[in-house]
Amino acid sequence: MTKSTTTSMASPTAPMMNAPTLQTAKKSARMAKTTTLITMEALIWENDAEQSTQQSIPNALLESAQIARQLLLETLAEYDDALLEQYLENANSISVETIQQAIRQATLDRNIVPVMLGAAYRNKGVQPLLDAVAQYLPSPNDVETLLGTNIETDEMVTIRPGFLRLTIGITMGCSTL
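The shown structure was predicted, so the numbers you read here are calculated from the model rather than taken from an experiment.

A.B. asks: So what about the overall build of the protein? Which residues, and what values?
C.D. replies: Helix and strand counts for the protein stand at four helices and nine strands. Counting helices and strands in the order they occur from the N terminus, the protein gives β-β-β-β-β-β-α-α-α-β-α-β-β. Scored against the burial criterion, the 177 residues of the protein give a buried share of 26%. For the protein, the accessible surface area stands at approximately 12,300 Å², while carbon and sulfur atoms represent 53% of it.

Spelled out as structure tokens, the structure:
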């Protein structure tokens with residue numbers, strides 16, 4: 001068995017920033033809407049539908065979605081020089097793929113935390129969340145090796161992530177008295 005030594009989740013100088021990728025648009029008993037700031041589309045779940053339909057953003061919500069997207073692009077531009085150049089030239093010409101790559105890289109560099117909206121109740125927004133986890137968060141191959149201590153021998157061991165390796169987890173607990 002091993003136990004992990006202290007590992008920094010972010011460099012001391014890099015601020016963690018929330019980068020919202022979805023914005024709440026409307027919620028009612030029959031319908032839930034969000035706008036995705038990456039593709040600038042509305043995602044709509046009607047009644048108890050588990051899958052969303054994509055539509056253009058309603059005019060009433062377009063201005064707030066554009067402002068939120070501008071803030072997303074400004075945040076990403078702080079960490080991606082190529083995106084910054086494109087943003088300064090013409091922010092509207094930045095492709096969806098460029099934005100997604102910038103989000104992934106800034107996430108892997110531990111500079112931002114992508115923020116998604118959803119509710120497990122009635123399965124609203126769950127699929128976009130799972131898609132974002134697969135697209136933006138690190139896979140085991142993206143994680144550097146860790147040092148740990150073998151609790152039986154007290155010797156330092158190198159822990160390399162990989163498929164078919166021992167499962168190692170970090171657990172945290174919280175209790176109230």
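Once the structure has been displayed, the description carries forward.
A.B. asks: Quick one: what's the story with the environment of Q51, residue by residue and with numbers?
C.D. replies: Tracing the sequence through the fold places Q51 in the loop between β5 (41-46) and β6 (53-55). Considered as a pair, Q51 and V126 are 75 residues apart in the sequence and their alpha carbons are 9.2 Å apart.

A.B. asks: Describe unusual backbone geometry, naming the residues involved and giving the relevant values.
C.D. replies: In this structure, R110 takes a positive phi of about 60° despite not being glycine. The partly exposed category is assigned to R110, whose relative accessible area is 28%.

A.B. asks: Quick rundown of the nonpolar core? Include the residues and the values.
C.D. replies: Of all hydrophobic cores here, the largest spans 19 residues; its most connected members are I38, L76, L83, I94, I99 and I103. Elements with a minimum of two residues in this core: α1 (59-77), α2 (81-90), α3 (96-108) and α4 (126-136). The element contributing the most residues to this core is α1, with six residues. Among residues more than four places away in sequence, those in contact with L76 are L83, I99, A102, I103 and I112.

Criteria and thresholds
Residues numbered from 1 in each chain as written. Predicted model: local features only at pLDDT ≥ 70, side-chain atom pairs only at ≥ 80, totals over all residues. Heavy atoms only, no water. Helix = DSSP H or I, 4+ residues; strand = E, 2+ residues; numbered from the N terminus. Buried < 20%, exposed > 50% of the residue type's maximum accessible area, 1.4 Å probe, protein only. Areas by Shrake-Rupley, 256 points an atom, 1.4 Å probe, with all protein chains shown as cover. Core = buried A, V, L, I, M, F, W, Y, C linked by side-chain atoms within 4.5 Å. Contact = heavy atoms within 4.5 Å.

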